[in-house]
Amino acid sequence: MANLASAPAIRQFLPGSFEDAFVYMNTLVVVTTDREILTTRFDRLIHRSAIGRDSQLLAGLFLLRNDFLEEEGTRSMLKDSLLSESLARRVSQTEEALLDLDEWEGRLGYEDLLGEGTLLDLQIYNQRLFAGTTHGVVQTNLLFELDDLRFSAPIKRTDARCLSLNIRYGTLAASCGPDGLLMSFDEFSELSNEPLSSLAVASTTPSVRTSWLGYHIVNYESATSVSGFRSKYRPTKSSRKANIVTEISADEGLLGAESEPADSDVDFRYNAHTTFFSHFSSGLFELRRRRWSHGRLGQIEFQSFGEMSRPLSTHSILHGFVAETYDAVVQVEREAVYVLYSGEAIVVRSFPYSQWYRNLILVVAEDGLHIMSPLRTALTD
Amino acid sequence: MAIVDSSGVRFGSTATGKHYISLHYHRGPAAAGNPKSKWLSTVTPSNEYAMFELADTNGWADAGSTYWTVKDGGTEVGQRGERIGKHPGPTDLRDPWHGYPASPSMKGAPDAPPDAVIEAWLKLGIVDRTFARRLQRWRI
């Protein structure tokens with residue numbers, strides 16, 4: 001990738017042969033190529049990094065409590081350019097630390113949980129692990145007992161080959177390629193106590209991934225073709241929680257111009273709420289944020305352009321997003337693109353909304369798991 | 001021995017008796033409004049046939065007799081960045097097979113090889129794990 005600056009980030013590396021990884025409630029869950037699911041406490045792992053004490057303190061802060069970067073006081077302080085430049089320099093000088101793990105705390109055979117298929121996506125939410133595989137979607141409950149983590153008996157939710165999963169607002173959305181978009185509503189029984197059921201076909205149009213536009217669903221039928229589904233939703237009993245989506249229906253007007261037939265030069269589209277990204281075969285990209293009012297897209301709030309290789313996948317973080325290209329993982333912001341990881345990734349995961357691990361990014365590569373926490377998100381609005 | 005005619009370059013037969021044609025309309029510069037995917041010039045008609053022949057020998061096909069190919073571990077073979085080849089079987093099995101660059105990321109299910117073919121490539125070291133998983137997830 002030509003002339004892109006490296007993003008200042010705290011980076012750590014766990015060698016191993018992994019298919020996927022996820023951080024949930026201070027637990028690192030990895031799926032290995034030996035078809036095992038291994039777990040360890042995330043803070044214990046980070047504290048075992050082979051670096052000096054000063055850097056270990058910084059690493060601990062950035063990887064275990066980087067919510068501090070989003071606090072109002074921190075953000076005000078980092079508006080001081082001398083302070084922010086100094087912190088960026090310090091973070092940039094911190095080399096990727098090697099993590100040393102003698103023994104995983106939890107170990108389980110992959111087949112026991114996920115069957116014969118190959119893992120295509122993994123999500124953990126509300127103490128449930130959902131796996132999208134070549135043989136369908138499987139679910140298991142995570143049972144935390146003191147320091148022990150166990151898994152309940154797996155439940156098969158569909159036999160359809162599942163490319164990606166999206167869990168939010170009480171729904172589970174499974175993008176199952178030519179089998180369409182399969183969904184369940186009130187997945188976590190926040191509105192009623194109905195028992196779990198199979199995933200139902202919410203749309204027969206193909207689906208490779210979904211994202212959200214407010215409470216509404218944006219379905220990507222391919223890398224460039226997109227359609228909108230307007231949701232109906234209800235509040236939960238708990239006023240602190242977001243509404244629960246109860247049904248969706250196709251709405252051509254939801255995305256307006258953003259769903260127009262793909263420009264033949266567009267080779268990848270993505271949206272994070274009202275920010276729309278279009279990448280062109282020339283290598284240029286356009287980033288456009290639209291106003292959102294009363295469930296409708298409005299005028300353009302900002303528009304910027306840049307250059308990068310074609311993304312293979314995209315992942316939201318606060319103040320931008322992370323894109324996997326063929327030979328790097330980059331952080332895309334309004335004004336610039338920075339390299340987070342140089343190399344080919346098998347899986348990229350971001351955790352923008354976790355209580356403590358804001359913007360934690362995991363990159364699974366052939367050599368192991370790269371864990372990183374970028375600083376730049378704290379320096380941008 | 002290859003024979004050039006107005007449709008393409010004809011090869012074969014393969015060890016299993018299949019004939020092949022490298023079609024002219026899947027080559028040359030991309031034309032505006034032409035949806036046909038096109039091979040890169042680095043993939044010569046002979047390369048294209050060699051890819052098909054290897055797939056035929058190894059049985060890298062789906063139930064519909066479409067063969068799937070990859071070159072040099074997954075280098076670009078198509079002008080839009082495609083990295084695999086798709087070689088659909090002819091309606092009349094006496095006719096030649098042909099092929100073109102494919103991408104499940106851009107075209108979805110019709111351009112996605114079966115998991116069994118990808119796993120076979122991985123097992124034989126034809127592609128590495130990164131390429132295999134990306135392809136299975138329709139990212140390339």
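Parameters at a glance
- Residues numbered from 1 in each chain as written.
- Chains lettered and ligands numbered in written order.
- Predicted model: local features only at pLDDT ≥ 70, side-chain atom pairs only at ≥ 80, totals over all residues.
- Heavy atoms only, no water.
- Phe/Tyr/Trp six-rings, centres within 6.5 Å; stacked < 30°, edge-to-face > 60°.
- Helix = DSSP H or I, 4+ residues; strand = E, 2+ residues; numbered from the N terminus.
- Buried < 20%, exposed > 50% of the residue type's maximum accessible area, 1.4 Å probe, protein only.
- Polar contact = N/O pair within 3.5 Å; in protein donor to acceptor, adjacent residues only side chain to side chain.
- Contact = heavy atoms within 4.5 Å.
- pLDDT = per-residue confidence, 0-100.
- Buried area = accessible area lost by both parts, 1.4 Å probe.
- Salt bridge = Lys/Arg side-chain N within 4 Å of Asp/Glu carboxyl O.

## Structural notes on the packing of aromatic side chains
All names here are of chain A. Under the definition given, this model contains 18 aromatic pairs over all chains. Arranged with centres 6.3 Å apart and planes meeting at 80°, the rings of Phe18 and Trp104 form a pair that is edge-to-face. Here Phe18 is found in strand β2 (residues 18–24), whereas its partner Trp104 is found in the loop between β5 (97–98) and β6 (106–109), with 86 residues between them in sequence. Accessibility classification places Phe18 together with Trp104 in one group, the buried group. Summarising the aromatic geometry, the rings of Tyr270 and Phe321 are spaced 4.9 Å apart at their centres and angled 50° between planes, so their arrangement reads as tilted.

## Regarding the side chain of Ser22(B)
All names here are of chain B. Relative to the assigned elements, Ser22 resides in strand β3 (residues 19–23). According to the relative accessible area criterion, Ser22 is buried, its value standing at 1%. In this structure the side chain of Ser22 is engaged in a polar contact, spanning 3.1 Å, whose partner is the side chain of Arg27. Reaching out from Ser22, the side chain makes a polar contact with the side chain of Glu48 at a distance of 2.7 Å. Setting aside anything within four residues of it in sequence, one finds Ser22 in contact with Ser7, Gly8, Val9, Phe11, Arg27, Pro45 and Glu48.

## Digging into the environment of Thr27(A)
Residues and elements named next belong to chain A. Relative to the assigned elements, Thr27 resides in strand β3 (residues 27–32). Note: C-alpha distance between Thr27 and Asn193 (166 residues apart in sequence) is 28 Å. Among residues more than four places away in sequence, those in contact with Thr27 are Phe22, Thr39, Thr40, Phe42, Phe144 and Leu149.

## Re the confidence of the model for chain B
Scored by pLDDT, chain B has a mean of 94; 98% of the residues are at 70 or more. For this predicted complex, the interface confidence comes out at an ipTM of 0.92, alongside a pTM of 0.93.

## Quick word on the interface of chain A and chain B
Taken residue by residue, the interface counts 29 residues in chain A and 18 residues in chain B. Surface buried jointly by chain A and chain B totals about 2100 Å² across both partners, of which 42% is contributed by carbon and sulfur atoms. Ranking the residues of chain A by area buried against chain B places Tyr326(A), Ile346(A) and Glu366(A) at the top, with a combined share of 26%. In this structure, the connection of chain A to chain B is made through five salt bridges.

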